[in-house]
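Secondary and tertiary structure notes
Below are the chains, spelled out letter by letter.
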Amino acid sequence: MNFRAVRAIYLFEMARTWRTVLQSIVSPVISTSLYFVVFGAAIGSRITSIEGVSYGTFIVPGLVMLSVLTQSISNASFGIYFPKFTGTIYELLSAPVSYVEVVLGYVGAAATKSILLGLIILATAGLFVPLHILHPWWMLTFLVLTAVTFSLFGFIIGIWADGFEKLQAIPLLVVTPLTFLGGSFYSVSMLPSGWRTVTLLNPVVYLISGFRWSFYEISDVSVGWSIGVTCMFLVICMFVVWWIFKTGYKLKN
Amino acid sequence: MSPIISVSNLTKSYASGFTALKGIDLDINRGEIFALLGPNGAGKTTMISIICGIANATSGKVMVDGHDIARDYRAARSLIGLVPQELHTDAFESVWATVSFSRGLFGKPKNPALIEKILKDLSLWDKKDNKIITLSGGMKRRVMIAKALSHEPQILFLDEPTAGVDVELRKGMWEVVRTLRAAGVTVILTTHYIEEAEEMADRIGVINKGEIILIEEKTKLMEQLGKKQLKLYLQGKVTEIPASLAHYNLELAADGHQLIYSYDTKSERTGITSLLGDLRESGIRFSDLDTTQSSLEDIFVSLVRK
Ligand SMILES: Nc1ncnc2c1ncn2[C@@H]1O[C@H](COP(=O)(O)OP(=O)(O)OP(=O)(O)O)[C@@H](O)[C@H]1O
Ligand SMILES: [Mg+2]
């Protein structure tokens, strides 16, 4: 294992983060605050409570997940797309590193950034509504698991994309709808039963449900299912990454 | 001594179906400077990319210091530094950060003193804190060289290192290469400046259309193929070479005002003395003369034309 390489990649990526720290933290914090104003205060005041939790409080886990998901994907996809775009990937390909090290460096940095962001958003939310976290360790587990899984997913998108359109297409066309329909702002039990079944095909539902359970012990699906589905997605992403490096897909010609 | 790089029967077909390398066999000796020459599209970059791990070979085998580049890629790659032909640099990182990154990537412990020396040797020291995007093309090229040297490679690939580098810095770069060679580093360079190969290389390989058409020691090459020419500037105009001089290898040039005699430097008798005698006898006078030896460039051009 070339740990120095992992460290070099990780620190290099983190340095990129610190350079843009303002925009990468300020903008999610602002948009989260807006969600609270719009959903929490304006609309939420009409909704009394969901399963004993006030609406503003109810949406906190979903909002955190929303940011962690999208940020993980965009950080990781951009992190690996950029060297491909500028051509500096030549160095990575010619270095004595295995794909495990490359992935650890890039995905590790992307996940770190989105975990930090998730915590910052959580703290921001705390300014608007009272927070109580029943299972902090589970909360952290879900946070890390999600950040890692979706950073890996973003990494795959970054390798697959050969233009900026493609880079943004998946997050915009697939991930954002799935997250909005994934129960960030409502409980699945509020849907008519037909829709409820359809919703259960959305993997994001499991993430948000599990994450919310760690806060309030209310969930749409059982926690076991949440962890199971997340881990399954993680394994699928790992397999795809393994295959990419084995075949050199879109990396080597 | 065993070659440090051994390429055998290497072929490369791109996805487009184009075959860029057609069964290359090549051995690079330990510690030499090897110049790979060839016209645009000959396959130089393709071959280097395969050896360095950037492209996959279609078939064939490459051994680097006894390590198979596919099976034992870690050992093979850690010996190699690469300066690619295209300018691929980060944009917003500083020179210092990007060069230090390369060293880490290759698994070497930090060594600020070494990086300082490399940057100074490449006249980049005063730019160390500058963002790369603010550098000129020639400076970026040197940053890439610094990156390749940062991990102390045993083998250095320079794919057109001096393209776009001004004369003075080119000389400086040659100096760096010579120092590396003195330290035992094997250097493989491609260039379109033949004078560069002539000046630097121990051996020269010529590749054309995906095939190696010549590998030879530079000095031997120049001896073997080196022809010398004696040019006589005539006082009057000569329309035809007199029959008495027909057995010399003569040519008229400059509309009959010059006479060019080609001879072989290897043969014991060049025939110059007798030619000059015969000239006087046939009444041809000349005001001046000079001799020229064909350069590597002439050799190269004649080879590739074939
Ligand atoms: N990715 C690619 N896909 C298809 N063909 C390619 C690709 N890269 C290179 N080629 C072709 O392979 C041939 C060899 O290219 P290569 O870059 O190795 O040439 P070169 O000898 O380095 O030339 P130059 O002196 O211009 O740098 C060229 O005909 C080129 O068009
Ligand atoms: Mg080339």
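About the criteria used
Residues numbered from 1 in each chain as written. Chains lettered and ligands numbered in written order. Predicted model: local features only at pLDDT ≥ 70, side-chain atom pairs only at ≥ 80, totals over all residues. Heavy atoms only, no water. UniProt positions renumbered as here; feature names shortened; annotations may be inferred. Near = heavy atom within 4 Å. Polar contact = N/O pair within 3.5 Å; in protein donor to acceptor, adjacent residues only side chain to side chain. Nonpolar A, V, L, I, M, F, W, Y, C, P; charged D, E, K, R; others polar. Helix = DSSP H or I, 4+ residues; strand = E, 2+ residues; numbered from the N terminus. Salt bridge = Lys/Arg side-chain N within 4 Å of Asp/Glu carboxyl O. Buried < 20%, exposed > 50% of the residue type's maximum accessible area, 1.4 Å probe, protein only. Axes fitted to C-alpha atoms, helices over the stretch in contact; angles between N-to-C directions. Parallel < 35°, antiparallel > 145°, perpendicular 65-115°, else oblique. Contact = heavy atoms within 4.5 Å. Core = buried A, V, L, I, M, F, W, Y, C linked by side-chain atoms within 4.5 Å. Patch = residues over 30% accessible without salt bridge, like charges linked within 9 Å, V, L, I, M, F, W, Y side chains within 5 Å. Areas by Shrake-Rupley, 256 points an atom, 1.4 Å probe, with all protein chains shown as cover. Pairing = 2+ DSSP bridges. Arc of directions from axis to C-beta. Buried area = accessible area lost by both parts, 1.4 Å probe.

Naming follows an unreviewed UniProt entry, where chain B appears as ABC transporter ATP-binding protein of Tardiphaga robiniae. According to the UniProt record, the Function (unreviewed entry) comment for chain B reads "Involved in beta-(1-->2)glucan export. Transmembrane domains (TMD) form a pore in the inner membrane and the ATP-binding domain (NBD) is responsible for energy generation." Regarding chain B, the UniProt comment filed under Sequence similarities (unreviewed entry) reads as follows: "Belongs to the ABC transporter superfamily."

Chain A carries the name Transport permease protein in an unreviewed UniProt entry, which gives Tardiphaga robiniae as its organism. A UniProt comment under Sequence similarities (unreviewed entry) is attached to chain A, and it reads "Belongs to the ABC-2 integral membrane protein family."

Taken together, 16 residues lie around ligand 1, and N40, K44, T45, T46 and Q85 of chain B are the ones closest in. Chain contributions to the surroundings of ligand 1 come from chains A and B. One of the backbone nitrogen or oxygen atoms of A42 of chain B is found 3.1 Å away from an oxygen atom of ligand 1. Taking K44 of chain B, its side chain carries an N or O atom lying 2.8 Å from an oxygen atom of ligand 1. Within the shell around ligand 1, the residues separate by chemical class into five nonpolar, nine polar and two charged.

With that out of the way, let us pick up the UniProt feature "transmembrane region" (unreviewed entry) in chain A. As recorded in UniProt, the feature "transmembrane region" (unreviewed entry) lies at residues 21–43, 55–82, 115–133, 140–161, 167–186, 198–216 and 222–245 of chain A. Structurally, residues 167–186 of chain A is divided into 70% helix and 0% strand, and its ends, taken at the C-alpha atoms, are 29 Å apart.

Residues and elements named next belong to chain B. Within the structure shown, the criterion is met by 16 salt bridges over all chains. With a shortest N-O distance of 3.0 Å, R30 and D65 are connected by a salt bridge. Of this pair, R30 sits in the loop between β2 (19–28) and β3 (33–37) while D65 sits in the loop between β4 (59–64) and β5 (67–68), and the two are 35 residues apart along the sequence. Here D65 falls in the partly exposed class, since its relative accessible area comes to 30%. Here E152 makes a salt bridge to R103, at a shortest N to O gap of 2.7 Å. Of this pair, E152 sits in the loop between α5 (137–149) and β7 (155–159) while R103 sits in helix α3 (residues 95–105); the two residues are 49 residues apart in sequence, bridging distant segments of the chain. Taking relative accessible area as the criterion, R103 reaches 5% and is therefore assigned buried. Shared partners join several salt bridges into a network, and the residues in it are E175, R178 and E199.

Our next topic: the packing of helix α1 (residues 3–19) of chain A against α3 of chain B. Running from amino to carboxyl end, α1 of chain A crosses α3 of chain B at an angle of 150 degrees, the nearest separation of the two axes being 7 Å. Put simply, α1 of chain A runs roughly antiparallel to α3 of chain B. Contact residues: R4, A5, A8, I9 and F12 of chain A in α1 of chain A; A97, T98, F101, G104 and L105 of chain B in α3 of chain B. When grouped by side-chain class, the residues that make up the contact of α1 of chain A with α3 of chain B number seven nonpolar, two polar and one charged.

What follows deals with the nonpolar core. All names here are of chain B. Ranked by size, the top nonpolar core spans 141 residues in total, and within it I5, V64 and F157 carry the most contacts. Excluding its chain neighbours within four sequence positions, the residues that come into contact with I5 are L26, D27, I28, I51, V62, M63, V64, I155, F157 and I188. Grouped together as the second largest cluster of nonpolar side chains are 13 residues, L230, L234, Y248 and I284 included.

Inspection of the secondary structure puts L36 of chain B in strand β3. Contact partners of L36 of chain B, with chain neighbours within four places excluded, come to K44, M47, L189, T190, T191, G205, I207 and I212 of chain B.

As a further point, take the UniProt feature "domain: ABC transmembrane type-2" (unreviewed entry) in chain A. What UniProt calls "domain: ABC transmembrane type-2" (unreviewed entry) maps, in this numbering, to residues 19–248 of chain A. Overall, residues 19–248 of chain A shows 78% helix and 2% strand. The separation of its end C-alpha atoms is 31 Å.

Once that is clear, we can look at a nonpolar patch on the surface. Residues and elements named next belong to chain A. Residues V37, V38, I43, L127 and F128 make up a contiguous nonpolar surface patch of roughly 470 Å² in combined accessible area. Contributing elements (two or more residues each) for the nonpolar patch: α2 (21–43) and α5 (99–128). No other element matches the three residues that α2 contributes to the nonpolar patch. The residue V38 is located in helix α2 in this model. Judged by its relative accessible area of 41%, V38 falls in the partly exposed class.

Before going further, it helps to examine the sheet that holds strand β11 (residues 227–234) of chain B. All names here are of chain B. Pairing in this open sheet of four strands is antiparallel, and the strands run β12-β13-β11-β14 from one edge to the other. Bordering the open sheet on either side are β12 (250–253) and β14 (286–293), each of which pairs with just one other strand. Averaged over all pairs of adjacent strands, the angle between strand axes in this sheet comes to 25 degrees, irrespective of strand direction. In this sheet, β14 lies alongside β11 in antiparallel orientation, the contact comprising seven bridges. Paired with L232 across the bridge in β14 is L289.

Of the residues making up helix α10 (residues 296–305) of chain B, those classed as buried are L296, I299, F300 and L303 of chain B. Around the axis of α10 of chain B, the buried residues are gathered within 95 degrees of arc, so they sit on the same side.

This next bit is on the interface of chain B and chain A. Opposite the 31 residues of chain B that make contact, chain A presents 25 residues. Summed over both partners, the interface of chain B with chain A buries about 2600 Å², with 56% contributed by carbon and sulfur atoms. On the surface where chain B and chain A come into contact, there are three salt bridges. In this structure, the salt-bridge partner of E101 of chain A is R74 of chain B, at a minimum N-O distance of 2.9 Å. Along the contact surface separating chain B from chain A lie 11 residue pairs in polar contact (both at pLDDT 80 or more). Among the elements of the structure, α2 (73–78), α3 and α5 of chain B are those that each provide at least two residues to the side of chain B that touches chain A. For the side of chain B that touches chain A, the element with the most residues is α3 of chain B, which contributes six residues. Taken together, the residues of the side of chain B that touches chain A sort by class into 14 nonpolar, nine polar and eight charged.

Let us now look at the side chain of H88 of chain B. Among the structural elements, H88 of chain B can be located in the loop between β6 (80–83) and α3. Within polar-contact distance, the side chain of H88 of chain B engages the backbone oxygen of T86 of chain A at 3.1 Å. Here H88 of chain B is in contact with T86, G87, T88 and Y90 of chain A together with M144 of chain B, once residues within four sequence places are set aside.

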